[in-house]
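Summary of structural features
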Amino acid sequence: MSRIGKTALLALAGSLLISTGALAQTTLAKVKERGQLLCGTSTGIAGFSLADGQGKWSGLDVDVCRALAAAIFDDPGKVNFIPLASKDRLVALQSGEIDVLPRTTTWTLSRDAGQGLDFTAVNYYDGQGFQLRKKAGIKSVKELDGASICTVQGTTNELNLADYFRVNKMKYEVVAFQGIDETVKAYESGRCDAISTDISQLVSYRLKMADPAEHILLPEVISKEPIGPYVRQGDDQWFDIVRWTVFAMINAEELGVSSANVGEMLKSDNPEVQRLLGVGTKLGEGLGLSADWAARIVRHVGNYGESYERNLGSGSRINLPRGLNNLWSKGGIQFAPPIR
């Protein structure tokens, strides 16, 4: 066969592969056909994803999945929450066991570019800290030279510890466990001198300890932990749906649209509010959704501020100040592109 003939044959084969890929069922189509969203959660982190005694899930990450279900089905209840340990979460998404992973997973280059996954949007800005017993008399991480530190396997926390202690020429012993519950129990039982993970989790789990007042957070934050939902690579439509679901909640807060007033705001003459709520626009079609997709999210789940307050803020036992997670217009760095 001539070189030209071989080239033509290869081109034809490539086009057939592309056509086959184009005909493959999209994630949105699978979710609609199934009638529910498969959402990966933690095995229990208060404020982010936690099931109560009746099996009802709540948390900031849970709200992302409920918002997706609201946008797609106009029903936030059409979600099946699947608890995953840290070491299993990425594999579950890669294999198709879940449709989306909003499970306190940090945005990193290796995850975003080397594992067949795509990070969508930041729904929480966090950082890694340290907690230890007040009676230890330690005031700084720099005093932990030679200490044993409990943390969770398969997380960026392990890597951050290695980097920090190496850079500061300090020694430490890592005591790693499969899940956060085991890690906290080990710390409480005295298996290690300190526990290190994201600050939001340290604050959350301290509330469950026998005497929370016995434990303190050290002032240093040793990492950047932008957290949010991941999806599989190769489905741009689904990537956009998940990303803009988070953005819709942030934009709604900025525009003053809430679950309490969304009905009234449908009458607003503000063009930004009209575009958000799908009044006189067809922007939702670009996502494969209805015109009122964002209005459904706000009506059923609320805006970002509402979600934060009930799960992590003053309306919760955790009571974490918004800090970096406040809107950019209020001193934080939460910022969403415009819906237009």
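Refer to the structure presented above.
Procedures and definitions
- One numbering rule holds for all chains: residues counted from 1, following each sequence as written.
- The predicted nature of this model means local features are confined to residues of pLDDT at least 70 and side-chain atom pairs, given and counted, to a pLDDT of 80 or more, with totals for whole chains, interfaces and linings taken over all residues.
- As a rule here, side-chain values cover all heavy atoms of the structure and leave hydrogens and water aside.
- Each helix is a run of H or I in the DSSP string that is no shorter than four residues. Each strand is a run of E no shorter than two, and both are numbered from the N terminus.
- C-alpha atoms define the radius of gyration, and 2.2 Å times the number of residues to the power 0.38 defines the globule rule.
- Buried residues are those whose accessible area, probed at 1.4 Å on protein chains only, stays under 20% of the maximum for their type, while exposed residues exceed 50% and partly exposed ones sit between those limits.
- Any two residues whose heavy atoms approach within 4.5 Å at even a single point are treated as in contact.
- Only the protein chains shown count as covering a residue, and every accessible area follows the Shrake-Rupley method with a 1.4 Å probe.
- Here the positive residues are Lys and Arg and the negative ones are Asp and Glu; neither His nor the chain ends is included.
- Note on charges: their place is set at NZ of Lys, CZ of Arg, CG of Asp or CD of Glu.
- For each structure, a 1 Å grid was placed over the protein atoms alone; sets of points admitting a 1.4 Å probe that cannot get out are labelled cavities, open sets with protein on both sides within 12 Å along at least five of seven lines are labelled pockets, and lining residues have an atom within 4 Å of a point.
- Grid points are joined across faces, edges and corners, and a volume is the space filled by probe spheres set on the points.
- Each residue is assigned to one of three groups, with Ala, Val, Leu, Ile, Met, Phe, Trp, Tyr, Cys and Pro labelled nonpolar, Asp, Glu, Lys and Arg labelled charged, and all others, Gly among them, labelled polar.
- By arc we mean the arc of the directions from the helix axis to the C-beta atoms, nothing more.
- Whether two strands pair depends on DSSP finding at least two bridges between them.

What follows covers the overall build of the protein chain. Each helix and strand counted, the protein chain has 13 helices and 13 strands in total. Taking 2.2 N^0.38 as the reference for a compact globule, 340 residues should give roughly 20 Å; the C-alpha atoms of the protein chain span a radius of gyration of 22 Å, in line with that estimate. Of all 340 residues assigned to the protein chain, the portion counted as buried reaches 51%. Partitioning the intrachain contacts of the protein chain with sequence separation of at least 6 by distance along the chain shows that 72% fall at a separation of at least 24. Looking at the protein chain as shown, the accessible area adds up to about 15,800 Å², and 53% of this sits on carbon and sulfur atoms. Looking at the protein chain, you have 37 positive and 38 negative side-chain charges, and the mean spots of the two groups are 2 Å apart.

Our next topic: the layout of surface pockets. As a volume, the largest pocket reaches approximately 360 Å³. Elements with a minimum of two residues in the lining of the largest pocket: strand E2 (50-51), strand E3 (57-58), helix H3 (60-73) and helix H13 (304-311). Considered class by class, the residues forming the lining of the largest pocket number six nonpolar, six polar and seven charged.

Here the focus is the side chain of serine 268. With respect to the element layout, serine 268 can be found in the loop between helix H10 (262-265) and helix H11 (271-277). Excluding anything up to four places from it in sequence, serine 268 contacts Val273 and Gln274.

Scanning the entire structure with this criterion turns up two cavities of 30 Å³ or more. Taken together, 17 residues form the lining of the largest cavity, with Ser86, Thr104, Thr155, Asn157 and Gln201 sitting closest to its centre. At the level of elements, helix H4 (86-94), helix H6 (156-167) and strand E10 (194-198) are the ones that each hand at least two residues to the lining of the largest cavity. When grouped by side-chain class, the residues that make up the lining of the largest cavity number three nonpolar, nine polar and five charged. Quantified by volume, the second largest cavity comes out at close to 50 Å³.

A few words now on helix H2 (residues 27-34). Looking at H2, one finds that the buried residues are Thr27, Leu28 and Val31. What you see down the axis of H2 is that its buried residues fit within an arc of 100 degrees, all on one side. Those residues of H2 that are buried lie in contact with strand E1 (37-41), H3, strand E13 (230-232) and helix H9 (236-254). In the segment just after H2, glycine 35 is the residue with positive phi, at about 85 degrees.

What follows covers helix H12 (residues 293-300). Along H12, six of the eight residues are buried, which leaves the element largely enclosed by surrounding structure. Looking at H12, one finds that the buried residues are Trp293, Ala294, Ala295, Arg296, Ile297 and Val298. Elements in contact with the buried residues of H12: H3, H9, H10 and H11. At the exit of H12 stands glycine 302, carrying a positive phi of roughly 100 degrees.

Bringing the pairing of strand E8 (residues 147-152) into the picture now. Counting buried positions over the six residues of E8 gives six, a clear majority of the element. Here E8 pairs with E10 via two bridges, running parallel. In the sheet register, isoleucine 149 faces E10, and the bridge partner there is alanine 194.

Just geometry here; none of it tells us what the structure is for.
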